[in-house]
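Chain residues, written in single-letter form:
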Amino acid sequence: MSHHLSGPNLRSPMDDPRLDLTDLYAFTVPGDRTVLIMNVYPVAPAEGAALHPDAVYRINVDTDGDQQADVAFSVVGSPVRGGEQTVSVHLATGAQARSHEAAGERIAADVRLGNGSAPVVVESGPYTFSAGLRSDPFFADLDGIVKKFQWTGVDWGADKNVLGIVLEMPNDVLSADPVIGVWARVSLRRDGRLTSVDRGAHPSLTAYFNAEEAKEAYNAGEPAEDWATYREPWTAALQHFGGYDAQAAERALRTVLPDILRFDRARPAAYPNGRTLIDDVTSARLAMLTNGKVAGDHIGPHGDLLTAFPYLGPPHPAPAAG
């Protein structure tokens, strides 16, 4: 996640960009409201982008700190007909929230997936929802990273689109306790069985820490298992890249494992306390990976973000024909 290719060998899961989780955001806005954003489909085309009709796109919320979902919002898309797709949102709580299925109450039904400059926004009880093609808020000098930190000054994400899934609700709808944990997951139904093919919360973990052969298992895993499974290999990665000793590496890993984005809503959102659309997570991850030797990539946030719902900027048009 945040490197936009979550599967092995710099590819999307199942070689299908519709299944690729790009970023997760959690922040508050005036009026004591919580915003959760899940972006998928890296480099989404300006025309024809749609969610996979056999997938479940889910935002999980842990409200009691036990690393299990207590609330889950699942979004499913219809088959594309006449160039259009509709999506529905299910709200699960308790035991149902811990299943990957789109279970529970349907809080929004048959909402048109937006594919124009104006977003499709619906209100359903305390919830405001939108899904559709939007400008990708992710910013980074990816070419400079590939060139071993020889910065190019070019923002890879400046002209890219994603499919954004945006939910807003009163804070106390999720939990009276201001502290929550959030992670996202994409699951695909194959041969009648739902299989997790991507998941994450903290940006750019699997890109830097997981070996290619470990990525599919990571995407299928549960956050509650992360510390036991990844503490040792990821400690070794930090020792290799950043020169950490074992104790310092474990302290650093405690900020990202388990892979749940913790957010104390009584404090301003700023990664790693939640994540806003302007947080420089690329620089934060580079600093962590290199033990402060590389402080950042000198790329700033995008200027097309909206101050009102759904907060993601309008989509970029298709490039002009050469």
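Just so it is clear, the model here is predicted, and its values are computed rather than measured.

Caption draft 1: Representation of the overall build of the protein chain within the structure. The secondary structure content of the protein chain amounts to seven helices and 12 strands. On the principal axes, the C-alpha backbone points of the protein chain span a range of 55 × 55 × 45 Å. Across the protein chain, contacts joining residues at least 24 apart in sequence account for 63% of those joining residues at least 6 apart. When the accessible area of the protein chain is evaluated, it comes to approximately 13,600 Å², of which 51% is carbon and sulfur surface. For the protein chain, the centre of its 27 positive side-chain charges and the centre of its 41 negative side-chain charges are spaced 2 Å apart.

Caption draft 2: Structural view of the environment of valine 56. Along the chain, valine 56 turns up in strand E3 (residues 55–62). The exposure class of valine 56 is buried, given its relative accessible area of 4%. For the pair valine 56 and aspartate 70, spaced 14 residues apart in the sequence, the C-alpha separation amounts to 17 Å.

Caption draft 3: How the structure looks around the side chain of threonine 34. By the element assignment, threonine 34 lies in strand E2 (residues 33–40). On the basis of relative accessible area, threonine 34 is assigned to the buried category, the value being 0%. Among the polar contacts listed, one links the side chain of threonine 34 to the side chain of arginine 265, at a separation of 3.0 Å. If we ignore the near neighbours within four places in the chain, the residues touching threonine 34 are Phe27, Thr28, Leu167, Glu168, Met169, Asn171, Leu174 and Arg265.

Caption draft 4: Summary view of the packing of aromatic side chains. Within this structure, the stated rule accounts for nine aromatic pairs. Ring centres 5.8 Å apart and planes at 75 degrees place the aromatic pair phenylalanine 73 and tyrosine 127 in the edge-to-face group. Taken as a pair, phenylalanine 73 in strand E4 (residues 71–77) and tyrosine 127 in strand E8 (residues 127–135) lie far apart in primary sequence, 54 residues in all. Looking at tyrosine 127, the relative accessible area reads 10%, which means it is buried. For the pair tyrosine 230 and tryptophan 234, a centre-to-centre distance of 5.4 Å together with 40 degrees between the ring planes defines the contact as tilted. Here tyrosine 230 and its partner tryptophan 234 are both found in helix H5 (residues 226–242), four residues apart, which amounts to about one turn of the helix. Taken as a pair, tyrosine 230 and tryptophan 234 share a single burial class, namely buried.

The rules behind the values
Residues numbered from 1 in each chain as written. Predicted model: local features only at pLDDT ≥ 70, side-chain atom pairs only at ≥ 80, totals over all residues. Heavy atoms only, no water. Helix = DSSP H or I, 4+ residues; strand = E, 2+ residues; numbered from the N terminus. Contact = heavy atoms within 4.5 Å. Areas by Shrake-Rupley, 256 points an atom, 1.4 Å probe, with all protein chains shown as cover. Lys, Arg positive; Asp, Glu negative; His and termini not counted. Charge placed at Lys NZ, Arg CZ, Asp CG, Glu CD. Buried < 20%, exposed > 50% of the residue type's maximum accessible area, 1.4 Å probe, protein only. Polar contact = N/O pair within 3.5 Å; in protein donor to acceptor, adjacent residues only side chain to side chain. Phe/Tyr/Trp six-rings, centres within 6.5 Å; stacked < 30°, edge-to-face > 60°.

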